[in-house]
Amino acid sequence: MDFHAKTVYQIYPKSFQDTNGDGWGDLPGVTSRLDYLKNLGVGYLWLTPFYPSPQRDNGYDVADYTAIDPRYGTMADFDNLAREAKARGIGLMLDMVFNHSSTEHQWFQKALAGDRKYQDYYIFRDGKPGEPPTNWVSKFGGNAWEYVPALKKYYLHLFDVTQADLNWENPAVREELKNVLRFWKKKGVSGFRFDVVNLISKGAFENDNEGDGRRFYTDGPRVHEYLKELVADSGIGGMVTVGEMSSTSLDNCIRYSNPAEHELSMIFSFHHLKVDYKDGQKWQLMPPDLRALKKLFKDWQEGMTEGGGWNALFWCNHDQPRIVSRLGDEGQYWKASAKMLAAAIHLMRGTPYIYQGEELGMTNAHFKSLEDYRDVESINYHHILRGEGKSEEETLEILGARSRDNSRTPMQWEAGKNAGFTTGTPWIAVNENHTAINAAAEEKDEDSILAFYKKLVQLRKENAVIAEGSIHILSTPDSLLAYEREYKGTRLLILCNLTSEPINLPENHTDWQGQGWTKFLGNYEGIEAPLRPYEVLALKKQS
Ligand code: GLC
Ligand code: CA
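Residues numbered from 1 in each chain as written. Chains lettered and ligands numbered in written order. Predicted model: local features only at pLDDT ≥ 70, side-chain atom pairs only at ≥ 80, totals over all residues. Heavy atoms only, no water.

Asks: Please clarify how the layout of surface pockets should be interpreted in this entry.
Replies: Over the atoms rolls a probe the size of a water molecule, and its path tells where empty space is left. Approximately 1,000 Å³ is the volume attributed to the largest pocket. Lining of the largest pocket is provided by 38 residues; of these, Lys139, Arg214, Lys274, Lys282 and Glu377 occupy positions nearest its centre. In this structure, the lining of the largest pocket is formed jointly by two domains, domain 1 (2-99 + 171-196 + 241-457) and domain 2 (106-165), each of which donates at least three residues. (1 Å grid on protein atoms, 1.4 Å probe; cavity = no way out; pocket = protein on both sides within 12 Å on 5 of 7 lines; lining within 4 Å. Points joined across faces, edges and corners; volume = space filled by probe spheres on them. Domains from an automatic or database assignment.)

Asks: Would you mind going over the coordination of the calcium ion (ligand 2) with me for this structure?
Replies: Reference geometry at the metal: tetrahedral coordination by four donors gives ideal angles of 109.5 degrees; octahedral coordination by six donors gives 90 or 180 degrees. Within the protein, the atoms that donate to the calcium ion (ligand 2) are Asp18 (OD), Asn20 (OD1), Asp22 (OD), Trp24 (O) and Asp26 (OD), at distances of 2.3 to 2.4 Å. Mapped onto the sequence, the donors of the calcium ion (ligand 2) take the spacing D-x1-N-x1-D-x1-W-x1-D. Neither Asp18 nor Asp26 differs from the other in exposure class; each is buried. (Donors = N, O, S within 2.8 Å, 3.2 Å for Na, K, Ca; no water. Buried < 20%, exposed > 50% of the residue type's maximum accessible area, 1.4 Å probe, protein only.)

Asks: Mind showing me how you'd approach the sheet that holds strand 18 (residues 536-542) here?
Replies: In a beta sheet, neighbouring strands are held together by backbone hydrogen bonds and run either parallel or antiparallel to one another. Taken in spatial order, the five strands of this open sheet run 14-15-16-18-17, and their pairing is antiparallel. Looking at the sheet topology across the chains shown, the edges are occupied by strand 14 (470-473) and strand 17 (518-522). Neighbouring strand axes in the sheet, compared pairwise and without regard to direction, differ in orientation by 20° on average. Alignment of strand 15 (residues 480-487) against strand 16 (residues 490-497), held across eight bridges, turns out to be antiparallel. Looking at the pairing, Glu484 lines up with Leu493 of strand 16. Contacts from helix 11 (residues 334-346) reach strand 15, strand 16, strand 17 and strand 18 within the one sheet, and its direction differs from that of strand 15 by about 40°. The strands touched by helix 15 (residues 449-462) within the sheet are strand 17 and strand 18, with strand 17 carrying the most contacts at an inclination of about 125°. (Pairing = 2+ DSSP bridges. Helix = DSSP H or I, 4+ residues; strand = E, 2+ residues; numbered from the N terminus. Axes fitted to C-alpha atoms, helices over the stretch in contact; angles between N-to-C directions. Contact = heavy atoms within 4.5 Å.)

Asks: How do you make sense of the side chain of Thr363 when you look at a structure like this?
Replies: Mapped onto the elements of the fold, Thr363 is located in the loop between strand 13 (351-355) and helix 12 (376-387). In terms of polar contacts, Thr363 uses its side chain to reach the side chain of Asn431, at 3.4 Å. Among the polar contacts made by the side chain of Thr363, one reaches the side chain of Asn433 at a distance of 2.8 Å. (Polar contact = N/O pair within 3.5 Å; in protein donor to acceptor, adjacent residues only side chain to side chain.)

Asks: Even after reading the chapter, I still don't get the sheet that holds strand 5 (residues 124-126), so can you show me in this structure?
Replies: Spatially, 5-7-6 is the arrangement adopted by the three strands of the open sheet, whose pairing is antiparallel. Only two strands of the sheet have a single neighbouring strand rather than two, namely strand 5 and strand 6 (145-148). Strand after strand, the sheet turns through a mean of 30° between neighbouring axes, direction not considered. Two elements, strand 5 and strand 7 (residues 153-156), share three bridges in a ladder whose sense is antiparallel. Looking at strand 7, one finds that Phe124 is bridged to Tyr155.

Asks: Just to check I follow, could you spell out the domain arrangement of the protein chain for this structure?
Replies: For an interface, size is often stated in terms of accessible area lost upon the parts coming together. The domain boundaries assigned to the protein chain delineate domain 1 (2-99 + 171-196 + 241-457), domain 2 (106-165) and domain 3 (468-542). Using only C-alpha atoms to locate each centre, domain 2 and domain 3 end up separated by 53 Å.

Asks: In this structure, what is going on with empty space enclosed by the protein? I would like to understand it.
Replies: Enumeration according to the criterion identifies four cavities of 30 Å³ or more in this entry. Its volume calculated, the largest cavity comes out at about 160 Å³. Lining the largest cavity are 13 residues, with Ser269, His272, Phe297, Trp300 and Asn311 positioned closest to its centre. Those elements that place two or more of their residues in the lining of the largest cavity are helix 9 (290-307) and strand 12 (312-313). When grouped by side-chain class, the residues that make up the lining of the largest cavity number eight nonpolar, five polar and no charged. In this structure, the second largest cavity encloses a volume near 50 Å³. Lining the second largest cavity we find Cys316, Ile323, Val324, Ala338, Leu341, Glu358, Gly361, Met362, Ile449 and Tyr453. Of all elements in the fold, only helix 10 (323-326), helix 11 and helix 15 reach the threshold of two or more residues within the lining of the second largest cavity. Split into classes, the residues belonging to the lining of the second largest cavity amount to eight nonpolar, one polar and one charged. (Nonpolar A, V, L, I, M, F, W, Y, C, P; charged D, E, K, R; others polar.)

Asks: Quick question: what am I supposed to make of the packing of aromatic side chains here?
Replies: Two descriptors summarise a pair of aromatic rings, namely the distance from one centre to the other and the angle between the planes of the rings. In this structure the tally under the stated criterion is 38 aromatic pairs. Ring centres of Trp168 and Tyr226 lie 5.6 Å apart, and the angle between their planes is 40°; on these two criteria the pair is classed as tilted. You can see Trp168 sitting in the loop between strand 8 (163-165) and helix 6 (171-186) and its partner Tyr226 sitting in helix 7 (residues 223-234), a full 58 residues away along the chain. Accessibility expressed as a relative area gives 1% for Tyr226, which makes it buried. Taking the centre distance of 4.9 Å and the plane angle of 85° together, the rings of Phe183 and Trp184 count as edge-to-face. Assessed through its relative accessible area of 29%, Phe183 is described here as partly exposed. Here Trp184 falls in the buried class, since its relative accessible area comes to 0%. Through successive ring pairs, a cluster of aromatic residues spans Tyr65, Phe98, Trp107, Tyr118, Tyr121, Phe192 and Phe194. (Phe/Tyr/Trp six-rings, centres within 6.5 Å; stacked < 30°, edge-to-face > 60°.)

Asks: Explain helix 6 here, please?
Replies: Note on helix geometry: an α-helix contains 3.6 residues per turn, so any two residues three or four positions apart are oriented the same way. With 16 residues, helix 6 extends 23 Å between its outermost C-alpha atoms, agreeing within 8% with the 22 Å of an ideal straight helix rising 1.5 Å per residue. Along helix 6, the residues that are buried comprise Val173, Arg174, Leu177, Lys178, Val180, Leu181 and Trp184. Down the axis of helix 6, the buried side of the element spans an arc of 150°, and every buried residue falls inside it. Seen from the open side of helix 6, the exposed residues pointing more than 90 degrees away from its buried face are Pro171 and Lys186. Where helix 6 starts, the residue carrying a side-chain oxygen 2.9 Å from the main-chain nitrogen of Ala172 turns out to be Asn170. Within two residues after helix 6, Gly188 carries a phi angle of roughly 95°, on the positive side. (Expected span 1.5 Å × (residues − 1). Arc of directions from axis to C-beta.)

Below is the structure:
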C-alpha cells in the first residue's frame, strides 16, 4: 500500500501563501510552493476546505461542495495546482465536510423557504422556543439545536449554529455526497480527508443526563454501513482516504481502516492529544500526563496492528496548538525537542502527517488580547469562560494554550515582512518569532528541524521496517517513550526522552547497549548514557 511509505503534508491554504496581496492565502500560493514540498519529499498534500463558504468556521462551513471560493482563486487555479503537483509526483487529498453544510448552502436555504424535500436533507424537529428537542451541547459551546421561528422547528448543529447537520438517513443526501466525490475524482485528485465522519449516523434523540450527548451520535449505529456505501458507490475504493474520528474507540477504528472492511485507508484519533486536558476538558489546563500518553500509544499502535487497522500519525493540525509549545520546549531545547517529537511519531506504524510549519518548529501564537483571535470556537469559549467567572487574564492564558488559532498563524517562509506570507495585511497576525524561525534560514542549515523532517520522510521511503514493520511499545519509566519495530530480521529501537531531565536507560534493556546495534538516527552527537534532554536515539540491528 503506497500510503505506508509516504508522508502527507497538511496545508491550511488561508495561512500558507498569499499571491495577490489581500492577506489571504490562495491556491496559486500553494502552487508557487510546490518545489519546497517536493524537496521535503512528501507524497500527498491534504488541503483543508477552499470551497465557497461564509467562513464562520474557516471553510468547514461549506456553501457549495464543487466550486472554489473566489478568495482562494478559480477552478483553473485548482486544475493548475493539481497538474503541477502531479508533475512533481505529489497527490492531492481534499477535505470533505459531510457531517454538516453551511446554512448558506442552497439546500438549507431551500429548507428554510419551506421546501419539504430539502428540510429532509437536515435534522429538523418540531418544537417550541426555549424547549430544544434534547440537551445536547454543541462542540463550539451552547445547545446544539437552533430554533427557526418561521418553521416552528429546530435544526441540529453539532458545531457552529451556521453548520447544520446533514440527514444521512435520507438516501437522497447520500447520493448528493457521492456526486461530490465523483466530481473531484474526475478532476484527478488522489484522495480525501473526511471531516468528523464518525458523527454522521445519529442514534436516539434523547437527553443525555451523564454527558453532552456525544454517546448518541459518536460511531453511531449506521456509520459503518454509510461509509461502505459511500466508498463503493462513488468509486473511490482505490484512493487514499482518512477519516477524522471524534472521541472514537479502538474497535471502531479497526473497522474503519481494516482493508477487508472497504471503508477508509486510515483514521485520525485524538485521545493522545487530550492528555493535558484536566478532567477531559479542553478548556482546563493541566501539564501533560506522560504515562497516559504512553499507554495510549501502546493501546493504539499495538491494538490497530493486531486488528489490521491503520493509524494516521500526527501531533499537529489546524485544530491543535503547536506541539513544540505543548510537549516540547520553546526555549533552550527548542530544536532538540521538536526533532525528538517528530521522530517519536514518524518512526511508528502508520502514515505520518506534517502540518504546515511543524517542519520548522513553529510555536504557539502568544496572542495578548481577544482582538487577535479569529477562531469561532475560541471566541465563543472566551465568553463562556468569562461567564463562569474567570478573569480576563486567566481566560487569555487558557486561550493561549488551547486556541486553534495557535496553529493558524501564517506560514513562516522568511525573516522579512509578514514572514513572506503576504505583501498586504494578513487575516491573522504573523508570529513575531518569524525573524528567527523560518524556512529560508532552515533550508541553509544542515542541522535544522526542517533538515531532520526531510530525513524522516526519506527514511520511511527507504526502510521497510518503518513502513511495514511490527511495533512493540516497551514498558519504561514515564519520561521515556521506547518502542521496537521489526521487519524480516531488521530491528529498530527508538528511545525518546520526553523531558528536559537526563534519563538513565533501564537496566533490563541491556540487549541494546552493545551487540550489533548501530545508530540509525538521533538529535545529538554519538551515543551516551544517560539520554540527554529531549534526546531521541534510534538504533538498528540486522539479524
Ligand atoms: C473538524 C475540523 C475543524 C472543524 C470541525 C467542524 O474537527 O478539523 O476545523 O471546525 O470539524 O467542521
Ligand atoms: Ca490571496
